[in-house]
Amino acid sequence: MTKATAKAPWVVHVNCNSCNGCDIEFLACLTPMYDAERFGVLHIGTPKHADIMVVTGSVNNRNARVLRNLYEQMPSPKVVVAMGVCPATGGIFADGYNVIGGAEKVVPVDVFVPGCPPRPEAMLDGILEGAKILAGKRQNSVTVKPVRRIKIVRPAAPAADPAAAAAAPAPVKEEAK
Amino acid sequence: MNDIQQFFLSHLHPIINSLIALVLAPVIGGLLMGLDRKLTARMQGRMGPPLLQPFYDIFKLFSKESMVVHRPQVIYAVCHLLFMMLTLVMLVTGQDLLLTLLVHTFAAISLVLGGMSVRSPYSWIGSQRKILQILAYEPVLILLVLGVRLLNGSFWGINVLQSDTPLIQSMPLLFLALISVIAVEMGKSPFDTASSHHAHQEIVRGINLEYAGPYLALTEISHLYETAIAFGLVLAFWHTCLIGGLVLAVLVFFCLALVDNCFARLTPAWLVRYMWLVPLALALANLICLWR
Ligand code: SF4
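Quick notes on the rules
- Residues numbered from 1 in each chain as written.
- Chains lettered and ligands numbered in written order.
- Predicted model: local features only at pLDDT ≥ 70, side-chain atom pairs only at ≥ 80, totals over all residues.
- Heavy atoms only, no water.
- Contact = heavy atoms within 4.5 Å.
- Buried area = accessible area lost by both parts, 1.4 Å probe.
- Salt bridge = Lys/Arg side-chain N within 4 Å of Asp/Glu carboxyl O.
- Polar contact = N/O pair within 3.5 Å; in protein donor to acceptor, adjacent residues only side chain to side chain.
- Helix = DSSP H or I, 4+ residues; strand = E, 2+ residues; numbered from the N terminus.
- Expected span 1.5 Å × (residues − 1).
- pLDDT = per-residue confidence, 0-100.
- Core = buried A, V, L, I, M, F, W, Y, C linked by side-chain atoms within 4.5 Å.
- Buried < 20%, exposed > 50% of the residue type's maximum accessible area, 1.4 Å probe, protein only.
- Pairing = 2+ DSSP bridges.

Engineer: Which parts of the structure should I look at to understand the interface of chain B and chain A?
Structural biologist: Interface extent is often summarised as the accessible area lost during association of the parts. Taken residue by residue, the interface counts 34 residues in chain B and 32 residues in chain A. Summed over the three residues of chain B that lose the most area to chain A, namely Lys60, Lys64 and Glu65 of chain B, the buried surface amounts to 22% of that side. At the boundary of chain B with chain A, the tally comes to five salt bridges. Among the ionic pairs, arginine 37 of chain B bridges to glutamate 37 of chain A, the shortest N-O distance being 2.9 Å. At the junction of chain B and chain A, the tally comes to 14 residue pairs in polar contact (both at pLDDT 80 or more).

Engineer: What am I meant to see in helix α4 (residues 71-92) of chain B here?
Structural biologist: At 3.6 residues per turn, the α-helix brings residues three or four places apart onto the same side. Taking 1.5 Å of rise per residue, the 22 residues of α4 of chain B would be expected to cover 32 Å, and the 32 Å separating its terminal C-alpha atoms lies within 8% of that figure. In the segment just after α4 of chain B, glycine 94 of chain B is the residue with positive phi, at about 65°.

Engineer: How do you make sense of the side chain of aspartate 260 of chain B when you look at a structure like this?
Structural biologist: You can see aspartate 260 of chain B is positioned in helix α12 (residues 242-262). In this structure, aspartate 260 of chain B is in contact with Lys188 and Ser189 of chain B, ignoring residues within four places of it in sequence.

Engineer: Is there a simple way to explain the confidence of the model for chain A in this structure?
Structural biologist: Predicted coordinates in regions of low pLDDT should not be interpreted in detail. Residues and elements named next belong to chain A. Mean pLDDT over chain A works out to 77, with 79% of the residues at or above the 70 mark. Within the model, pLDDT remains below 50 along residues 144-153, and this stretch shows 21 contacts once partners closer than five positions in the same chain are excluded. Ignoring residues within four places in sequence, the model shows residues 165-177, a span with pLDDT below 50, making 11 contacts including any to other chains.

Engineer: In this structure, what is going on with the nonpolar core? I would like to understand it.
Structural biologist: In globular proteins that are soluble, nonpolar side chains generally tend to be buried together. Tyr137, Phe175, Phe231, Phe237 and Leu256 of chain B are the most contacted members of the largest nonpolar core, which has 47 residues in total. When neighbours within four sequence positions are excluded, tyrosine 137 of chain B is seen to be in contact with His104, Ala108, Val181, Val184, Glu185 and Met275 of chain B. In this structure, Ala8 and Ile44 of chain A together with Leu218 and Ile221 of chain B belong to the second largest nonpolar core, which totals 29 residues.

Engineer: Any chance you could explain the environment of leucine 51 of chain B here in plain terms?
Structural biologist: Residue and element names in this part refer to chain B. Structurally, leucine 51 can be placed in the loop between α2 (14-43) and α3 (53-62). Each C-alpha atom, one on leucine 51 and one on arginine 37, is 8.0 Å from the other, the two residues being 14 residues apart in sequence. The contact partners of leucine 51, leaving out residues within four places of it in the chain, are Leu31, Gly34 and Leu35.

Engineer: Quick question: what am I supposed to make of the environment of histidine 104 of chain B here?
Structural biologist: All names here are of chain B. As for its position among the elements, histidine 104 is in helix α5 (residues 97-116). When neighbours within four sequence positions are excluded, histidine 104 is seen to be in contact with Met84, Thr87, Tyr137, Glu185 and Glu226. Separated by 3.4 Å, the side chains of histidine 104 and glutamate 185 make a polar contact.

Engineer: Is there a simple way to think about the pairing of strand β5 (residues 79-83) of chain A in this case?
Structural biologist: One face of the sheet, then the other: side chains in a regular strand alternate in exactly this way. All names here are of chain A. Summarising burial for β5: five of the five residues are buried, a large majority. What you see with β5 is no split at all: Val79, Val81 and Met83 on one side and Val80 and Ala82 on the other are buried throughout. Direction of pairing for strand β3 (residues 52-56) relative to β5: parallel, over a ladder of five bridges. When the bridges of β5 are listed, valine 54 appears paired with valine 81. With three bridges connecting them, β5 and strand β7 (residues 111-113) associate as parallel partners.

Engineer: What should I look at first to understand unusual backbone geometry in this one?
Structural biologist: Leaving glycine aside, a negative phi is the common case for residues, and trans is the common case for peptide bonds. Residues and elements named next belong to chain A. Here the amide bond leading from cysteine 116 into proline 117 is cis, since omega sits at -10°, within 30 degrees of zero. In this structure, proline 117 sits in the loop between β7 and α5 (120-139). Of note in this structure, asparagine 20 is not a glycine but carries a positive phi near 75°. Among the secondary structure elements, asparagine 20 is positioned in the loop between β1 (10-15) and α2 (21-29). With relative accessibility at 36%, the residue asparagine 20 sits in the partly exposed group. Positioned with a positive phi, aspartate 35 is a non-glycine residue whose angle comes to about 50°. With respect to the helices and strands, the residue aspartate 35 is situated in the loop between α2 and β2 (42-43).

Next up, the structure:
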């Protein structure tokens, strides 16, 4: 199952506040030209089916809530890949009056792909790196006691990072479904 | 009566046959889907995913967290799978074809109910389009069953296997109509209006949008069964000769992949208009020829 997890990463693409450069590059990178499907990568339109969330653009006060919401709708194990410098630090938008900064402030990012925008090869590499982390998360996941007969698999709790936790606006309580 | 027929009829034990079919059908369906993705990739000049990719997808989905919007959703997903399995069992044991068709429709209806039970508008649109699809292809399937009745004098599937002439000989037009039906059921372009891999901007994922993790895997497995059933029907059109049946299946498979790659998605209203014009006309013409 872990092997299968690494071989079929489905990707959902979230555009926060980008100049659309990374957006278009990323979508172009999933076309038949680069053939991401040979790695099992599928571009899935909904977070509920996805394993990897690709974030482009910096996070601002408006879309932080949306990003958090989309992240929480993904069933774990899940991985976030930040495409470009905007979701890493805020990029050229970092000084904007409404910009919070990188995606790390809102969701736990696993892979940063630098570049403005990154090369398509780097993007693919980032997704495959994400797939490896995904498989690792699956392997280290703990099975929570069955609640009402539906088994829930959650990843092991990440190392506590007080700085990130403090910066995250309104941490939403995780509740067992 | 030739060897294959004799083999099949002499080894006709309903329970064992059904069990074998239940185990083999998803495997065959998965291989067919993998081959389809590979063929599509080659048609677009790329390498494509490994042959076993549909199985990887399903295993991965099973290893994910169970997330449901509410409990009835689970029941609908399970019902969809169970009715699809029941359809297969009824076909393999040669039951009444009309009843089989009814059970098959039940399977589709459970999926529609599941899509309608959540509050996502995309899921609703997908479900409504699925209803339109059922409306579009069901008359053709009923005419197919009627054709079998005219030919063999009974609705039982077992009588088709016992007859000496292959169906394709007396109903070639109905076979052509069936190809369109299979394209709709397998969600091939231009018929993939209810749920599509390529329609993010329009309906996101349509009918199975709100399923996640293992329950999405259940709907995927039902899809594998559906694929296997479709190609089983194609084989049954030339049941007296295995080579002939396989040639038919390969032809249909290739045609579907070609059409899938050549056409853009079209509107649901167009789908109904097309299905009621071309395949239905073909089926009716064939039926008139069969009338004695
Ligand atoms: S990283 Fe560069 S190309 Fe990408 S969204 Fe930011 S500014 Fe645009």
